[in-house]
Amino acid sequence: MNKLSFIFLVSILTLVISCNSKESKYKDVQYRAVNGKDTAVFALKISDKRFYGRYERSYYKIGKDSGDVRGDIKGDTLTGDIHYISNGGSWKRIPLALLKKENKLLLGNGVIGTFMNLPCFIQGTLSFNDPKFVFEEVKK
């Protein structure tokens, strides 16, 4: 084995190992919440500082919203956005805030504004009191 082949092999192995170790930092978690006859589900991949995954909210006898979620984790708060199709119509993006409390996620609400053309909650309006959905972890 010549020197160039050896370097190539080591580079490929390093790339494979680093890709696999990055994925193992994320934990798969599913959450579900019910509000009246409406149901919402998050299938998330969560690390210490970030999360991403799928979102679906079913409206009883009306339709559903489905799309992607992503964001950052700071302490016990997950903040980010939901990019979804509403009832099979057009794409929408709304801010997302979840408070982790006793192995549950409380959906935050507040006044929505935009910053640099991205939706966000206007500072001081975000509240986790009286959440519309309280998500509980679904055990596999």
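Everything below is about the structure shown above.
Only a predicted model underlies this, so the values are computations on that prediction, with no experimental measurement involved.

Chemist: I'm lost on the overall build of the protein in this one. Help?
Modeler: On a plain count of helices and strands, the protein comes out with one helix and 10 strands. Along the protein, helices (α) and strands (β) appear in the sequence α-β-β-β-β-β-β-β-β-β-β when read from the amino end. Total accessible area on the protein stands at roughly 9900 Å², and carbon and sulfur atoms take up 55% of it.

Chemist: Help me understand the sheet that holds strand 3 (residues 50-59) in this model?
Modeler: Sheet strands associate in pairs through backbone hydrogen bonding, adopting either a parallel or an antiparallel arrangement. The eight strands lie next to each other as 1-2-3-4-5-6-7-10, forming a closed barrel whose pairing is antiparallel. With strand direction ignored, the average angle separating the axes of adjacent strands in the sheet is 30 degrees. Summarising the sheet, strand 1 (residues 27-35) and strand 10 (residues 134-137) pair through two bridges and their orientation is antiparallel. Bridging across to strand 10, Arg 32 finds its partner in Glu 136.

Chemist: Mind showing me how you'd approach the nonpolar core here?
Modeler: Soluble, globular proteins show a tendency: their nonpolar side chains are buried together. By size, the foremost hydrophobic cluster in this structure holds 20 residues, and its most contacted members are Tyr 31, Phe 42, Phe 51, Val 69, Leu 96, Leu 98 and Phe 135. Where this core is concerned, the elements lending two or more residues are strand 1, strand 2 (38-46), strand 3, strand 4 (63-74), strand 5 (77-86), strand 6 (91-101) and strand 7 (104-107). Looking at which element gives the most residues to this core, the answer is strand 2, with four residues. If we skip the residues at most four places from it in the chain, Leu 96 touches Phe 42, Phe 51, Val 69, Leu 78, Thr 79, Gly 80, Asp 81, Ile 82, Leu 107 and Phe 121. Residues Ala 97, Leu 106, Phe 121 and Phe 128 belong to the second largest nonpolar core, which totals five residues.

Chemist: Explain the side chain of Asp 81 to me, please; I cannot follow it from the model alone.
Modeler: Position of Asp 81 relative to the elements: it lies in strand 5. Judged by relative accessible area, which is 10%, Asp 81 ranks as buried. At 3.2 Å, the side chain of Asp 81 forms a polar contact with the side chain of Arg 93. Sequence-distant contacts of Asp 81, that is, excluding residues within four places in its chain, are made with Asp 68, Val 69, Arg 70, Arg 93, Ile 94, Pro 95 and Leu 96.

Chemist: Explanation requested: the pairing of strand 1 in the structure shown.
Modeler: The side chains of a regular strand alternate, residue by residue, between the two faces of the sheet. Two strands pair when backbone bridges link them, and strand 1 and strand 2 are joined in this way by nine bridges, in the antiparallel orientation. Looking at the pairing, Gln 30 lines up with Ala 43 of strand 2. What sits between strand 1 and strand 2 in their antiparallel hairpin is a turn of two residues, with Gly 36 showing a positive phi close to 65 degrees.

Chemist: Is there a simple way to explain the packing of aromatic side chains in this structure?
Modeler: Each aromatic ring pair is specified by the distance between its two centres and by the angle formed by the two planes. Applying the stated criterion across every chain yields a total of five aromatic pairs. Between Phe 42 and Phe 135, the aromatic rings sit 4.7 Å apart at their centres with planes inclined by 45 degrees, giving tilted as the arrangement. Of the two residues, Phe 42 is situated in strand 2 and Phe 135 in strand 10; the sequence distance between them amounts to 93 residues. By relative accessible area, Phe 42 is classed as buried at 1%. A relative accessible area of 2% means that Phe 135 is categorised as buried. An aromatic cluster is present here, built from Phe 42, Tyr 55, Tyr 84, Phe 133 and Phe 135 joined pairwise through their rings.

Procedures and definitions
- Residues numbered from 1 in each chain as written.
- Predicted model: local features only at pLDDT ≥ 70, side-chain atom pairs only at ≥ 80, totals over all residues.
- Heavy atoms only, no water.
- Helix = DSSP H or I, 4+ residues; strand = E, 2+ residues; numbered from the N terminus.
- Areas by Shrake-Rupley, 256 points an atom, 1.4 Å probe, with all protein chains shown as cover.
- Pairing = 2+ DSSP bridges.
- Axes fitted to C-alpha atoms, helices over the stretch in contact; angles between N-to-C directions.
- Core = buried A, V, L, I, M, F, W, Y, C linked by side-chain atoms within 4.5 Å.
- Buried < 20%, exposed > 50% of the residue type's maximum accessible area, 1.4 Å probe, protein only.
- Contact = heavy atoms within 4.5 Å.
- Polar contact = N/O pair within 3.5 Å; in protein donor to acceptor, adjacent residues only side chain to side chain.
- Phe/Tyr/Trp six-rings, centres within 6.5 Å; stacked < 30°, edge-to-face > 60°.

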